[in-house]
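Summary of the model geometry
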Protein chains: 2
Amino acid sequence: MAKGSKPTQKAKTTGLAVSPMAPKAFPKLPPLAGVRLATTAAGVRYQQRTDVLLALLAPGTQVAGVFTTSKTASAPVLWCRDNLKAGEARVLVVNSGNANAFTGKAGLAGVRAIAEEAANVARCRTSEVFMASTGVIGEPLPDDKIVRVLSRLVGEGAAGNWRAAADAIMTTDTYPKAATATAMIDGVKVTINGIAKGSGMIAPDMATMLSFVFTDANLPASVLQECLSAGVGPSFNSITVDSDTSTSDTLMLFATGKGGKHTAIAKASDKKLTEFRRALDGLLLDLALQVVKDGEGAQKLIRIDVSGAESDTAAKRIGLSIANSPLVKTAIAASDANWGRIVMAVGKSGEAADRDLLKISFGNHVVAEKGMRAAKYSEAAATKAVSGREVVIAVDIGLGKGMARVWTCDLTHGYIDINGSYRS
Amino acid sequence: MAKGSKPTQKAKTTGLAVSPMAPKAFPKLPPLAGVRLATTAAGVRYQQRTDVLLALLAPGTQVAGVFTTSKTASAPVLWCRDNLKAGEARVLVVNSGNANAFTGKAGLAGVRAIAEEAANVARCRTSEVFMASTGVIGEPLPDDKIVRVLSRLVGEGAAGNWRAAADAIMTTDTYPKAATATAMIDGVKVTINGIAKGSGMIAPDMATMLSFVFTDANLPASVLQECLSAGVGPSFNSITVDSDTSTSDTLMLFATGKGGKHTAIAKASDKKLTEFRRALDGLLLDLALQVVKDGEGAQKLIRIDVSGAESDTAAKRIGLSIANSPLVKTAIAASDANWGRIVMAVGKSGEAADRDLLKISFGNHVVAEKGMRAAKYSEAAATKAVSGREVVIAVDIGLGKGMARVWTCDLTHGYIDINGSYRS
């Protein structure tokens, strides 16, 4: 554990020490017209904690989604991808404790059973039921435990249950994650509420983990999809905890259209959407950073700014090479200004780099340039720059105009503790 | 630390607990005609341990090498690459404690100063001097400390100093690494001796760390290079400790030609070389496995056999995706038969995979097939298979004929301990 970190509380649900980067308080999310939420402890795997979330959505709700790129995607991911084609949603069912991934025909049958009961109790089509599961891979899902709570949950759905919803989808998370934002669309105020969960198997090139975002704006599925696909790049797809991509990553955006009445929007490029998109992007980044701040064992947030690469893609690859390096992450955990490991990570990225043009800074302190340690290098200043809760590493490649910003957390004993015992 | 691991001894030089997979004894390496070795404690960085190795090679010695693919390769790597073109070697100087990487013009000047003094005392050309440095990146190399010991070392060079040589090149290694083999070339017995060091920043697609192999066979540089380039693929390039590629990785093969006289060999494909190449390949694999068994914090050796992939390249990528997954490595550390994480790692590799064709075994026990947990799955049998010092994971992709075998070690608290404090 990093120096100076004395967690004084335990996460309510997991028993793990709460991340020192947890927000001071759960944000105040307003009720959202057209969304009702209910949760329960169905005993899928965990004892004495909620593990099923039901979200009931107003008729006509439009939906968009981004999912894991894994070749071994979970049964609910396959189900959602199929249903997304129609773009309409009435129910979202999420369970924690079991990923329903690599569970064969039984896994798919479980998804169908849950969808049929959800459609039955919510009086909609199964194609309007969306689902996500997170937890252990490969264990058969006890879908009957979920099926039998749905009718009760439908009756309990209420508008303000955001905290309970964020709690119910947690696995090894040490705090519930949520964010809210408002924006004007053509003079009408709309609200966006989102929840997310981490906190291991976090790597980009997918939607990363589970996150569900809801808005009362009135937007068609095609517009939502374009907004979401654009927003995921610099947020969820720019964070990494451990380079491991989950089979279950799901990010969905639901628009109920039940807020104030605004002009119809047919294109994501419509200028009336500018403020909404900015608010959505900000909310996605907020949630993504909450995920990385709760990375398993994390004691520090590390931001890596890469500039001067041959392209933005090259910059991102270099950034992720640094962010995924165990040697970089353990050094930062120990507040060791070991900038040589940044040099190593740039060198191994496979992207063009020139030793003599490379410039590396910790915070505002330049540590390396012109192919060697900076002339004004100060061990004290460099150490100070990596000693706080939030560490900024800037790398200028000096070759082009490519830029990227990625985030990761440090690698501590906590990660080993959690992942050497998570399943049992 | 994994259960049941009680290291009872400390490494002589580093103070770290000796890897439980260390060989019982240092192997008996015979003297090798044409090679003399000397070591000393020059105080490059470490106190009270040897840190400089000088190898004196008979006139006419031929040399081949494979080096890191890093874009920020160290000064000695750049030097060796240049000198390799002529293919002749008389001196090898290795220091531990400082990598002389990212040290700018001063770093290159240091290499030149050492080469000039070495050429001077060994009476050869600077183009016949090879060099390697391992240790901290970015610190200026105190080359004067190395320069001033060379004349004395030349006088001390002796034929049997293999143990001292293996000791002097160690950094965070917990035991010295060496191997020996013999082979017949056209009825004449030749000997191969090799030494290596690890033990962090170990990842393939390069020569991996430092390893120096010597033979008394009489082989031209071009033949040596072909043998070495072929041999590195299934050995050093098939191991990974932490996915981090060093700036300094160097594998060199020297042939003195001072053993028994055998026919001239002009091509690596010459059938008279078959036995020699097999012996060399075996020795390289032996050394590579010694490196991974001494991976920082390692308590277990993990072998991953991938079959049925679309190509050998695809199989290797899948194998490395598993081998580099922190979640797989922490699970094995805890003797947790968490095969779902293997599914995840296959899925994220980017290579073609079909959930329903995938077959995963731990040892001889099939844990998953046909898209789900194997019908005869036994938690006890699976746990037993991952509980020993050596764990074998077999993955059949079921799509083609591509095969690969890679090795890694588990990820334990020891890795965090070592890398949170190595530099200071």
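The structure under discussion appears in the preceding block.
Procedures and definitions
Residues numbered from 1 in each chain as written. Chains lettered and ligands numbered in written order. Predicted model: local features only at pLDDT ≥ 70, side-chain atom pairs only at ≥ 80, totals over all residues. Heavy atoms only, no water. Helix = DSSP H or I, 4+ residues; strand = E, 2+ residues; numbered from the N terminus. Rg over C-alpha atoms; globule rule 2.2 N^0.38 Å. Buried < 20%, exposed > 50% of the residue type's maximum accessible area, 1.4 Å probe, protein only. Areas by Shrake-Rupley, 256 points an atom, 1.4 Å probe, with all protein chains shown as cover. Lys, Arg positive; Asp, Glu negative; His and termini not counted. Charge placed at Lys NZ, Arg CZ, Asp CG, Glu CD. Contact = heavy atoms within 4.5 Å. Polar contact = N/O pair within 3.5 Å; in protein donor to acceptor, adjacent residues only side chain to side chain. Core = buried A, V, L, I, M, F, W, Y, C linked by side-chain atoms within 4.5 Å. Expected span 1.5 Å × (residues − 1). Least-squares fit on C-alpha atoms with pLDDT ≥ 70 in both. Pairing = 2+ DSSP bridges. Axes fitted to C-alpha atoms, helices over the stretch in contact; angles between N-to-C directions. Buried area = accessible area lost by both parts, 1.4 Å probe. Salt bridge = Lys/Arg side-chain N within 4 Å of Asp/Glu carboxyl O. Nonpolar A, V, L, I, M, F, W, Y, C, P; charged D, E, K, R; others polar.

With that settled, consider the overall build of chain A. Check the secondary structure of chain A and you find eleven helices and 16 strands. Since a compact globule built from 424 residues should have a radius of gyration of about 22 Å, the 22 Å found for chain A is in line with a globular shape. Over its C-alpha atoms, taken along the principal directions, chain A stretches across nearly 70 × 50 × 40 Å. Sorting the 424 residues of chain A into buried and exposed places 62% on the buried side. Within the structure as shown, chain A displays about 15000 Å² of accessible surface, and the carbon and sulfur contribution to it stands at 51%. Positive and negative charge centroids in chain A, built from 49 and 38 side chains respectively, lie 3 Å apart.

With that settled, the discussion passes to the environment of His-262 of chain B. All names here are of chain B. Summarising the element assignment, His-262 is placed in the loop between β10 (250-255) and α7 (274-293). Overall, the relative accessible area of 11% leaves His-262 in the buried class. Setting aside chain neighbours within four positions, we find His-262 in contact with Ile-185, Val-188, Val-190, Ala-217, Asn-218 and Leu-219. One polar contact links the side chain of His-262 to the main-chain amide nitrogen of Asn-218, over a distance of 2.9 Å.

Before going further, it helps to examine the nonpolar core. Residues Phe-362 of chain A together with Phe-362 of chain B are the most contacted members of the largest nonpolar core, which totals 87 residues. For Phe-362 of chain A, the contacting residues outside a window of four places in its chain are Ala-337, Asn-338, Trp-339, Ile-342, Val-367, Ala-382, Ala-385, Val-386, Val-392 and Ile-393 of chain A.

Turning our eyes to something else, we now look at helix α7 (residues 312-323) of chain A. Residues and elements named next belong to chain A. Spanning twelve residues, α7 covers 16 Å between terminal C-alpha atoms, matching the ideal 16 Å at 1.5 Å per step. Along α7, the residues classified as buried are Ala-314, Ala-315, Ile-318, Gly-319, Leu-320, Ser-321, Ile-322 and Ala-323. In this structure, the buried side of α7 is in contact with β9 (239-240), β11 (301-309), α8 (326-333), α9 (340-348), β15 (390-396) and β16 (402-409).

Mapping chain B onto chain A calls for a screw motion: a turn of 180° about the axis and a shift of 0.0 Å along it, with 0.1 Å RMSD after fitting. Here the transformation between the copies is reduced to the relation of a two-fold axis. Residues of chain B ranked by C-alpha distance from the rotation axis are headed by His-413 of chain B, positioned 2.9 Å from it. A share of 100% of interface residues in chain B that are also interface residues in chain A marks the association as one of identical surfaces.

Time to look at the sheet that holds strand β5 (residues 129-136) of chain A. Residues and elements named next belong to chain A. On the basis of which strands lie adjacent, the open sheet formed by four strands has the order β1-β2-β4-β5 and mixed pairing. Two strands bound the open sheet, and with one partner strand each, they are β1 (35-40) and β5. When strand polarity is set aside, the average angle formed by the axes of neighbouring strands in this sheet is 10°. Bridge count for strand β4 (residues 91-98) against β5 is eight bridges, and the pairing is parallel. The partner of Leu-92 across the bridge, within β5, is Phe-130. Sheet contacts for helix α3 (residues 143-156): β1, β2 (52-57) and β4; angle to β1, the most-contacted strand, approximately 135°.

Residue-level contacts link 58 residues of chain B with 58 residues of chain A. Here chain B meets chain A over a buried area of about 5000 Å², counting both sides, of which 58% is carbon and sulfur. Taken together, the connections running from chain B to chain A amount to two salt bridges. Arg-373 of chain A is the partner of Glu-139 of chain B in a salt bridge, and the nearest nitrogen-oxygen pair spans 3.7 Å. Between chain B and chain A we count 15 residue pairs in polar contact (both at pLDDT 80 or more) in total. Of all elements in the fold, only α9 (326-333), α10 (340-348), β14 (372-373) and α12 (413-419) of chain B reach the threshold of two or more residues within the side of chain B that touches chain A. Among the elements that take part in the side of chain B that touches chain A, α10 of chain B stands out by supplying six residues, more than any other. Tallied by class, the residues present in the side of chain B that touches chain A amount to 23 nonpolar, 21 polar and 14 charged.

Another aspect to go through is the sheet that holds strand β11 (residues 301-309) of chain B. All names here are of chain B. One open sheet accounts for seven strands, arranged β9-β16-β11-β15-β12-β13-β14; its pairing is mixed. This sheet does not close on itself; its edge strands, each paired only once, are β9 (239-240) and β14. In this sheet, β14 lies alongside strand β13 (residues 365-369) in antiparallel orientation, the contact comprising two bridges. Across the sheet, Glu-369 pairs through a bridge with Met-372, a residue of β14.

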